[in-house]
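Geometric and topological summary
Okay, here's what each chain looks like letter by letter:
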Amino acid sequence: MTEIQTNTIQTKDDRTLAYCEFGDLSGYPIFYGHGGPGSRLEARYLDSTAKKFGFRIIAIDRPGMGGSTIKEDRALLDYPEDIRELADALAIDTFGAMGTSSGGAHTTVCSYSLADHLTFNFAFAGYTNFTEMPDAAEKLEAPADRLSIKLAEKSPPLFRLLFKGMGIVMKMFPKLTIKSLLKTVSETDKKIARDPQFQKRFIAEQKEAFRQGGKGVAIDAAVHYVDWGVKLKEIPGRIHIFHGTEDRLVPFSYGQHLADHIPNAVFHPLEGQGHLFLFEKDYQEMIFKLAETELKNRK
């Protein structure tokens, strides 16, 4: 693949918003929400499949990660407003949206704020609204994730220090992050994560996530643990929710909870799959075929 070009716009509140484009640059636009920690570079995994199906992937860095300016008081509902500004800047009126992991929740609320502009919306292995699922924190398997939630609530300075440390480890000892991932994920995910090309790209986009330090990454994580600013039942737009039954990073029950409470949700439980299914070609093909069908049905 050729060198990745990064573009920026200035938002109304004078922040820089960095983004990249992949796939068919003249195709139908889809705004992509990366995982957390993550960056716009993550969307390159979709490049060839998106190109095959004629979709233009526009991937932004969320505030404080990669090349996007940090926003201290950020809330989940700020994300669709950044998408709105970028879409306006690019003269795009209707579009699709998709996001994975932490990007899943950000993408989910687009079906609330941007319902009139969305042709389709896909959330992969995403979080649910913790204020509507009282045992959400307990469902997390990784002790580090449960600790993160406790620190976010009881000691924000320690919470941010945790992410600062993660950034240092990522910069100095990136292979440790890969080892930690392999210890945590499902067997199907391990097959993906052991691939040297996956590891090379994963390390690069993780380093980009921490380019400004850990503060922006910490803020990005914290928005999941508090009130989203909208109830799931208030989300009017249609949304497809994909979740692996063997996901060890974001529990399958989160996807089920979203599907049970969002009125126009369509649930796609992926039997035997873990957290990383989006990076498999077969699932990318399935996803873009569905996007193609959704687009035809809306025309």
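As a reminder, the structure under discussion sits directly above these lines.
Presented here is a report on the structure given in the accompanying data block. Everything numeric here is computed off the predicted structure, so don't read it as measured data. (Residues numbered from 1 in each chain as written. Predicted model: local features only at pLDDT ≥ 70, side-chain atom pairs only at ≥ 80, totals over all residues. Heavy atoms only, no water.)

1. Here's the deal with the overall build of the chain
Stated formally: Helix numbers and strand numbers start at the N terminus; a helix is a DSSP run of H or I with at least 4 residues, a strand a run of E with at least 2. What the globule rule says is 2.2 Å times the number of residues to the power 0.38, and the radius of gyration is computed from C-alpha atoms. When accessible area is computed with a 1.4 Å probe and restricted to protein chains, residues below 20% of their type maximum are described as buried, those above 50% as exposed, and intermediate ones as partly exposed. Contacts are assigned to residue pairs with any non-hydrogen atoms lying within 4.5 Å of each other.
Across its full length, the chain carries 13 helices and 8 strands. Its C-alpha atoms give the chain a radius of gyration of 18 Å, near enough to 19 Å, the size a compact globule of 299 residues would have. C-alpha atoms of the chain, sized along the principal axes, occupy 50 × 40 × 40 Å. Put simply, the chain has 299 residues, and 56% of those count as buried. Within the chain, counting contacts between residues at least 6 apart in sequence, those at least 24 apart form 77% of the total.

2. Digging into the pairing of strand β1 (residues 6-10)
Put simply, the rule reads: Here the rule is simple: two strands pair whenever DSSP picks up at least two bridges between them.
The pairing of β1 with strand β2 (residues 16-23) spans 5 bridges and is classified as antiparallel. Residue pairing in the sheet places T8 in a bridge with A18 of β2. Once β1 ends, the chain turns through 5 residues before running back antiparallel as β2, passing D14 with a positive phi of about 65°.

3. Points about the pattern of salt bridges
Here is the rule we go by: Any carboxyl oxygen of Asp or Glu that lies within 4 Å of a side-chain nitrogen of Lys or Arg is treated as forming a salt bridge with it.
One pass over the full model with this rule turns up 20 salt bridges. In the salt-bridge network here, residues are joined through shared partners; they are D13, R15, K71, D78 and D82.

4. Observations concerning the environment of Y283
In this fold, Y283 is placed in helix α13 (residues 281-298). Looking at Y283, the relative accessible area reads 17%, which means it is buried. Between the C-alpha atom of Y283 and that of F31, which follows or precedes it by 252 residues, the distance is 18 Å.

5. Details of the sheet that holds strand β6 (residues 118-124)
This is how the line gets drawn: Fitted lines through C-alpha atoms serve as axes, helices being fitted only where they are in contact, and the angles separating the N-to-C directions of these axes extend from 0 to 180 degrees.
Pairing is mixed in the open sheet, where 8 strands are placed in the order β1-β2-β4-β3-β5-β6-β7-β8. Edge positions in the sheet fall to β1 and β8 (265-270), since each of these pairs with one other strand and no more. Ignoring strand direction, the axes of neighbouring strands in this sheet form an average angle of 25°. Here β2 pairs with strand β4 (residues 55-60) via 5 bridges, running antiparallel.

6. Quick look at the side chain of E85
So the rule is basically this: His is not counted, nor are the chain ends; Lys and Arg add positive charge and Asp and Glu add negative charge.
Residue position: E85 is located in helix α2 (residues 78-89). Although E85 lies buried, it forms no salt bridge, and the closest oppositely charged side chain, R15, sits 5.3 Å away as judged by the N-O distance.

7. What about the pairing of strand β5 (residues 95-100)?
Summarising burial for β5: 6 of the 6 residues are buried, a large majority. Of the two faces of β5, the one carrying F95, A97 and G99 and the one carrying G96, M98 and T100 are both buried. Sheet topology places strand β3 (residues 28-33) next to β5; 4 bridges connect them, and they run parallel. Note that in β5 the partner of G33 across the bridge is G99.

8. Considerations on unusual backbone geometry
In this structure, the amide linkage connecting G36 to the following residue, P37, adopts the cis form with an omega of -10°. Within the fold, P37 resides in the loop between β3 and α1 (47-53). For D14, which is not glycine, the phi torsion reads 65° and is therefore positive. Summarising the element assignment, D14 is placed in the loop between β1 and β2. The exposed category is assigned to D14, whose relative accessible area is 61%. Here the phi dihedral of S101 falls at roughly 55°; this positive angle occurs in a residue that is not glycine. Secondary-structure assignment places S101 in the loop between β5 and α3 (102-108).

9. Overview of the environment of M133
Looking at the secondary structure, you find M133 in the loop between β6 and α5 (136-139). Put simply, M133 and A209 are 76 residues apart on the chain and 29 Å apart in space, counted from C-alpha to C-alpha. If near-sequence neighbours (up to four positions away) are discounted, M133 is found in contact with T128, K139, S253, Y254 and H257.

10. Regarding the side chain of K71
Here K71 is to be found in the loop between β4 and α2. Not counting residues up to four positions away in its chain, the partners in contact with K71 are D13, R15, P63, D78 and I219.

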